[in-house]
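Architecture at a glance
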Amino acid sequence: MSVTTPQGFRATGVTAGLKASGRPDLALVVNDGPEHVGVAVFTSNRVVGHPVTWSRQVVADGVVHAVVLNSGGANVCTGPEGFLDTHRTAETVAAALDVSPGDVVVCSTGLIGERLPIDALLAGVEVAAAGLSADGGVAAAEAIMTTDTVVKQAVAARDGWTVGGMAKGAGMLAPALATMLVVLTTDAVVDRADADAALREATRVTFDRIDSDGCMSTSDTVVLLASGASGVAADLPALTGAVTEVCASLARQLVADAEGATHDIAVHVAGAQSETAAVAVGRAVTRSNLLKAAVFGNDPNWGRVLAQVGTVPVEVAEFDAETVDVAINGVMVCRAGGVGEPRELVDLASAREVRIDIDLHAGDAEATVWTNDLTHAYVHENSAYST
């Protein structure tokens, strides 16, 4: 159940010495073919890491042979030397695998503004290349963890072909197109255009609809590699469905492992005039620190939900505030913009998952955005992150 479950892929994770903890910190995923289709989506942040700049160029022709990922340092805002470090990393991978550096995606995650210990990283690449295995998916998933507490993997099996995936991320979950670091693999026979279309649709409705803390990373990357090793062709609807299934699983795992979280919160918006409107309302609610703090305190404060709904501009989402309904874990606490059932009927203390249903009564569109509560542990984690 990993990136090496589909045929044609090898992977590994090793300790290169980038983390002070001494835990694994370098992963390598290789597509052995016969096809080497590779597509990706990246953060829309205007401040990006050198690996993002490099990898955007790599995927431009739709050919990727390998993905190398390091934790322990993001390689962001590190000047020309930082870009050279990314280039050297790709060259070292390429030399070890006898492929072109221009076909190697590079991903880095960790602290911004500090150079990577490049000699240790390159030595780690050599070790990783020598240890590649068809059973190495779990080790690769472990090596990309930063503040993650568990590995994140998923697989979707179809008739004769498979999609696998791994992800890292436990904070800075507020994406646009992509989120955190994710590698997806498939042994289906697909062309570049279909792979790209499937990936973009899948990320749009999964990774782009989780919002842990309203903070967008500088390094977000989601890569899809297709080996064609199964010999079975997948059409676009089938491929999109399988990739979406894997991305949805990984997205939920990311929310479940969000830094310090004690509740996973699904904000479902129905009755919207458009999907865009539903997403906008859902995202407005999930970005309320007041609401997130209330959920942490097991307080079903529906007024904080309604107040956020009202912040969405009318040109984005039209609705009548006096017709909006809100239910929390099935209890209609707000009916027609006013008091509904007693909030005391809502039990948040005994449930990890919280569902907030909002009905705008303005159309037929709907969408769900996931977030988590705001806890003391989250503040502590991020107040001490660089020290």
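Before any of the text, the structure's been laid out above.
These remarks concern the structure in this document. (Residues numbered from 1 in each chain as written. Predicted model: local features only at pLDDT ≥ 70, side-chain atom pairs only at ≥ 80, totals over all residues. Heavy atoms only, no water.)

**Quick look at the pairing of strand E9 (residues 221–226)**
Counting buried positions along E9 gives six out of six residues, so the element sits mostly inside the fold. In E9, alternate side chains face the same way, and those of Thr221, Val223 and Leu225 on one face and Val222, Leu224 and Ala226 on the other are all buried. For strand E3 (residues 37–42) and E9, the ladder comprises six bridges, and the chain directions are antiparallel. Paired with Val41 across the strands is Val222, a residue of E9. As a crossover connection, the stretch from strand E8 (residues 181–186) through helix H5 (residues 192–205) into E9 is right-handed. (Buried < 20%, exposed > 50% of the residue type's maximum accessible area, 1.4 Å probe, protein only. Helix = DSSP H or I, 4+ residues; strand = E, 2+ residues; numbered from the N terminus. Pairing = 2+ DSSP bridges. Right-handed = clockwise from strand over helix to strand, strands pointing away.)

**Comments concerning the pattern of salt bridges**
Scanning all chains against the criterion turns up 15 salt bridges. In this structure, the salt-bridge partner of Arg209 is Glu275, at a minimum N-O distance of 2.6 Å. With Arg209 in the loop between H5 and E9 and Glu275 in helix H7 (residues 275–286), this pair connects stretches of sequence that are 66 residues apart. Exposure remark for Glu275: the relative accessible area of 31% places this residue in the partly exposed category. Residue Arg355 is joined to Asp357 by a salt bridge in which the shortest nitrogen-to-oxygen separation is 2.9 Å. (Salt bridge = Lys/Arg side-chain N within 4 Å of Asp/Glu carboxyl O.)

**So, the sheet that holds strand E15 (residues 365–372)**
Within a sheet, neighbouring strands are paired by backbone hydrogen bonds and run either parallel or antiparallel to one another. In spatial order, the strands read E13-E12-E11-E14-E10-E15; together these six strands make up an open sheet with mixed pairing. The open sheet has two edge strands with one neighbour each: strand E13 (338–339) and E15. The pairing of strand E10 (residues 264–272) with E15 spans seven bridges and is antiparallel. Bridge pairing links Val267 to Val369 in E15.

**Focus: the packing of H5 against helix H6 (residues 236–256)**
Taken N-terminus to C-terminus, the directions of H5 and H6 make an angle of 40°; their axes are 8 Å apart at the nearest point. As judged from the angle between their axes, H5 and H6 are oblique. For the element pair H5 and H6, the recorded crossing hand is right-handed. Contacts between H5 and H6 pair Asp194, Ala195, Ala197, Ala198, Glu201, Ala202 and Val205 from the former with Leu236, Leu239, Thr240, Val243, Thr244 and Cys247 from the latter. Tallied by class, residues from the contact of H5 with H6 come to nine nonpolar, two polar and two charged. (Axes fitted to C-alpha atoms, helices over the stretch in contact; angles between N-to-C directions. Parallel < 35°, antiparallel > 145°, perpendicular 65-115°, else oblique. Left-handed = near helix turned anticlockwise from the far one by under 90°. Contact = heavy atoms within 4.5 Å. Nonpolar A, V, L, I, M, F, W, Y, C, P; charged D, E, K, R; others polar.)

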